[in-house]
Amino acid sequence: MPLGSQDTVPPAFVQLAAHPVRWRLMTELAGSDLRVRELVTRLAEPQNLVSYHLRLLRDGGLVRATRSSADRRDSYYHLDLGRCADELAGSGTALHPALRTTPSAPPVRPGTRPPSILFVCTGNSARSPVAEALLSHRSAGAARATSAGSRPKEHLHPAAVRVLRERFGIDVSDRRPRHLDDVAAESFDLVVTLCDKAREDCPEFPGHVRRVHWSIPDPAGLDAPDHAAFERAADDIDGRVRHLLPVLATTDPREDER
């Protein structure tokens, strides 16, 4: 097809993202999973307007909702950054073949100390230790990852250990769950809660610590947990970790020391 003769209708992603309210929703959800009432507060827009645009983003496959494990009457909304990256690449190609992009994560910025991230879930037996292991693996040691739980189990879940070993080549068989009290005196740049209940229970940490929430269902808490549930949870966490790396790369860990 000759250049300049393409369809004049913008790609679906461009049409969805171009609306100011939807762009603001995507911007907020790019940082953390949030509930409708939190989005209403952040955008200072009526709930019916926020819900309407959230529905359009869900219909477009960019946003998904998960029922809160802390309050089954509530839901958390999550922006699928992987889908957004694919749609952005496709939109660029629709304009000109030379604009095809391949998303890649920049390395974490070197500094006097690596950024320190704490992952929190209730039992510290599946989701948070998986996130800790994957961030350590993906950042190649350029970020310091820790995990803990508000009510830790005695042992890591065997299925979580197995998934990390089989899918990512990571051995955590010697790890044991930790309580949040065990890390209360440590300094963190970012705290990520992966459990809706843990989000409510997670204490404040000293300093200006950024908080992010990833609403990930507990694979061990399903009615009929199986290995596939742990694989899905690990893949979800891995995607979020890979998209977290560029955020860490833009944060200078030395700023807190100045």
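Residues numbered from 1 in each chain as written. Predicted model: local features only at pLDDT ≥ 70, side-chain atom pairs only at ≥ 80, totals over all residues. Heavy atoms only, no water.

Draft legend 1. Region of the structure containing the sheet that holds strand E3 (residues 116-121). Strands sit in the order E4-E3-E5-E6 across an open sheet of four strands; the sheet is parallel. Edge positions in the sheet fall to strand E4 (144-149) and strand E6 (210-213), since each of these pairs with one other strand and no more. The sheet shows a mean angle of 20° between the axes of neighbouring strands, direction not considered. The pairing of E3 with strand E5 (residues 190-193) spans four bridges and is classified as parallel. Paired with Leu118 across the bridge in E5 is Val191. (Pairing = 2+ DSSP bridges. Helix = DSSP H or I, 4+ residues; strand = E, 2+ residues; numbered from the N terminus. Axes fitted to C-alpha atoms, helices over the stretch in contact; angles between N-to-C directions.)

Draft legend 2. The layout of surface pockets, seen in detail. As a volume, the second largest pocket reaches approximately 520 Å³. Lining the second largest pocket are 25 residues; nearest its centre among them are Ser69, Arg127, Pro217, Asp218 and Gly221. Of all the elements in the fold, those that place two or more residues in the lining of the second largest pocket are strand E1 (63-67) and helix H8 (196-201). Here the residues of the lining of the second largest pocket sort into seven nonpolar, nine polar and nine charged. (1 Å grid on protein atoms, 1.4 Å probe; cavity = no way out; pocket = protein on both sides within 12 Å on 5 of 7 lines; lining within 4 Å. Points joined across faces, edges and corners; volume = space filled by probe spheres on them. Nonpolar A, V, L, I, M, F, W, Y, C, P; charged D, E, K, R; others polar.)

Draft legend 3. Quick peek at empty space enclosed by the protein. Scanning the model with the defined rule gives one cavity of 30 Å³ or more in all. In this structure, the largest cavity spans a volume of roughly 60 Å³. Every element with two or more residues in the lining of the largest cavity is listed here: helix H6 (127-138), helix H7 (158-168) and helix H9 (227-249). For the lining of the largest cavity, the element with the highest residue contribution is H9, accounting for four residues.

Draft legend 4. Spatial organisation of the pairing of strand E2 (residues 75-79). Burial analysis of E2 places five of its five residues in the buried class, which makes it a mostly covered element. Taking every second residue as pointing to the same face, both faces of E2 are buried, with Ser75, Tyr77 and Leu79 on one and Tyr76 and His78 on the other. As judged from the five bridges shared by E1 and E2, these two strands associate in the antiparallel manner. Residue Val63 lies in a different strand from E2, and its bridge partner there is Leu79. (Buried < 20%, exposed > 50% of the residue type's maximum accessible area, 1.4 Å probe, protein only.)

Draft legend 5. Structural detail: the confidence of the model for the protein chain. Per-residue pLDDT for the protein chain has a mean of 87; in total, 87% of the residues score no lower than 70. Counting contacts from residues 1-5, a segment whose pLDDT is below 50, to residues more than four positions away or on other chains yields three contacts. Below a pLDDT of 50 lies the segment residues 253-258, which in the model reaches 11 contacts outside its immediate sequence neighbourhood of four places, other chains included. (pLDDT = per-residue confidence, 0-100. Contact = heavy atoms within 4.5 Å.)

Draft legend 6. Focus on the environment of Gly90. With respect to the element layout, Gly90 can be found in helix H5 (residues 81-95). Taking the relative accessible area as the measure of exposure, Gly90 reaches 39% and is therefore partly exposed. Each C-alpha atom, one on Gly90 and one on Phe13, is 8.9 Å from the other, the two residues being 77 residues apart in sequence.

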